[in-house]
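What follows is each chain in one-letter form.
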Amino acid sequence: YTTISTRTFQVKHNKTTKMAKLSFMILSLMVAACSAFVQPSSPMRTSSSVAFPTTKQSPLVVMNAEDTFWEGEYPPSKVLGPIMSKMPSGMLGMLSIMFLTICVYSCGQSFVLQQEPGALASGSWVKWYYVLGGFGGPLAWGTHVAAWIQRKNGM
């Protein structure tokens, strides 16, 4: 009886340990994701001597960091970068529809391949071109947001 209760404790302890590790990973990812949206603050210096001398940064790098901040409902077109900021809203909307179509088609074809006997066990349903097509979903989301920004900015 002692062996069974010790084994039961070990199983429960292993599950608890795995859950604690998983919870820590999820919490760490959430903190990292939230920190991406915090506006950078100026660093505080405690001493006047600097261990490494500062190098002069090009004005382009500093200007890009300042250009991405906006106030109001929508950002200016320049946050989309040098290529998409010049594209009209309609073209970005069509690109979004194209990427979404590719994603839906790839997911559908993967589903059809999963229905074949033994496909799940062997992994034969995984095709590189359908995996690549699955990236159309995030691209569709990004281009539809870019189309919305361009529409709000009158382009």
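For the structure, check the block above.
Basis of the calculations
Residues numbered from 1 in each chain as written. Predicted model: local features only at pLDDT ≥ 70, side-chain atom pairs only at ≥ 80, totals over all residues. Heavy atoms only, no water. Core = buried A, V, L, I, M, F, W, Y, C linked by side-chain atoms within 4.5 Å. Buried < 20%, exposed > 50% of the residue type's maximum accessible area, 1.4 Å probe, protein only. Helix = DSSP H or I, 4+ residues; strand = E, 2+ residues; numbered from the N terminus. Contact = heavy atoms within 4.5 Å. Expected span 1.5 Å × (residues − 1). Patch = residues over 30% accessible without salt bridge, like charges linked within 9 Å, V, L, I, M, F, W, Y side chains within 5 Å. Areas by Shrake-Rupley, 256 points an atom, 1.4 Å probe, with all protein chains shown as cover. Salt bridge = Lys/Arg side-chain N within 4 Å of Asp/Glu carboxyl O. Phe/Tyr/Trp six-rings, centres within 6.5 Å; stacked < 30°, edge-to-face > 60°.

**Q** Mind showing me how you'd approach the nonpolar core here?
**A** If you look at soluble globular proteins, the nonpolar side chains tend to sit buried side by side. Counting six residues, the largest nonpolar core consists of Leu 80, Met 87, Leu 92, Ala 146, Ala 147 and Ile 149. Broken down by element, the residue count for this core peaks at three residues, all from helix 7 (residues 136-152). In contact with Ala 147, other than residues within four places in its own chain, are Ser 89, Leu 92 and Gly 93.

**Q** Sorry if this is basic, but what is going on with helix 4 (residues 89-114) here?
**A** For helix 4, spanning 26 residues, the distance from its first C-alpha to its last is 38 Å, which sits close to the expected 38 Å at 1.5 Å a residue. Along helix 4, the residues that are buried comprise Ser 89, Leu 92, Ser 96, Cys 103, Ser 106, Ser 110 and Leu 113. The inward-facing, buried residues of helix 4 abut helix 3 (81-84), helix 5 (119-122), helix 6 (128-134) and helix 7.

**Q** I tried to follow a nonpolar patch on the surface on my own but got confused; where do I start?
**A** On the surface, a nonpolar cluster with roughly 770 Å² of combined accessible area is contributed by Val 126, Trp 128, Tyr 129, Val 131, Leu 132, Phe 135 and Leu 139. For the nonpolar patch, the element with the most residues is helix 6, which contributes four residues. For Val 126, a relative accessible area of 45% gives the class partly exposed.

**Q** Even after reading the chapter, I still don't get helix 7, so can you show me in this structure?
**A** An α-helix turns once per 3.6 residues; consequently, residues spaced three or four apart project the same way. Spanning 17 residues, helix 7 covers 24 Å between terminal C-alpha atoms, matching the ideal 24 Å at 1.5 Å per step. All of the buried residues along helix 7 are Gly 136, Ala 140, Thr 143, Ala 146, Ala 147, Ile 149 and Gln 150. Packing partners of the buried residues in helix 7 comprise helix 3, helix 4 and helix 6. Count one or two residues on from helix 7 and you reach Gly 154, which has phi positive near 80 degrees.

**Q** Can you walk me through the packing of aromatic side chains in this structure?
**A** Enumeration over the complete set of coordinates arrives at four aromatic pairs. On the basis of an interplanar angle of 70 degrees and a centroid distance of 6.5 Å, the ring pair of Tyr 105 and Tyr 130 is categorised as edge-to-face. Placement of the pair is Tyr 105 in helix 4 and Tyr 130 in helix 6, with a sequence separation of 25 residues. By relative accessible area, Tyr 130 is classed as buried at 15%. Here the aromatic residues Tyr 105, Trp 128, Tyr 129 and Tyr 130 are joined through ring pairs into a cluster of three or more.

**Q** Can you walk me through the pattern of salt bridges in this structure?
**A** As a working rule, side chains carrying opposite charge can pair if their charged atoms are close by. Applying the stated rule across the entire model yields one salt bridge. Measuring nitrogen to oxygen at the nearest pair gives 3.5 Å for the salt bridge that ties Lys 152 to Glu 73. Of this pair, Lys 152 sits in helix 7 while Glu 73 sits in the loop between helix 2 (59-67) and helix 3, placing them 79 residues apart in sequence.

Distances and angles like these do not, on their own, reveal function.
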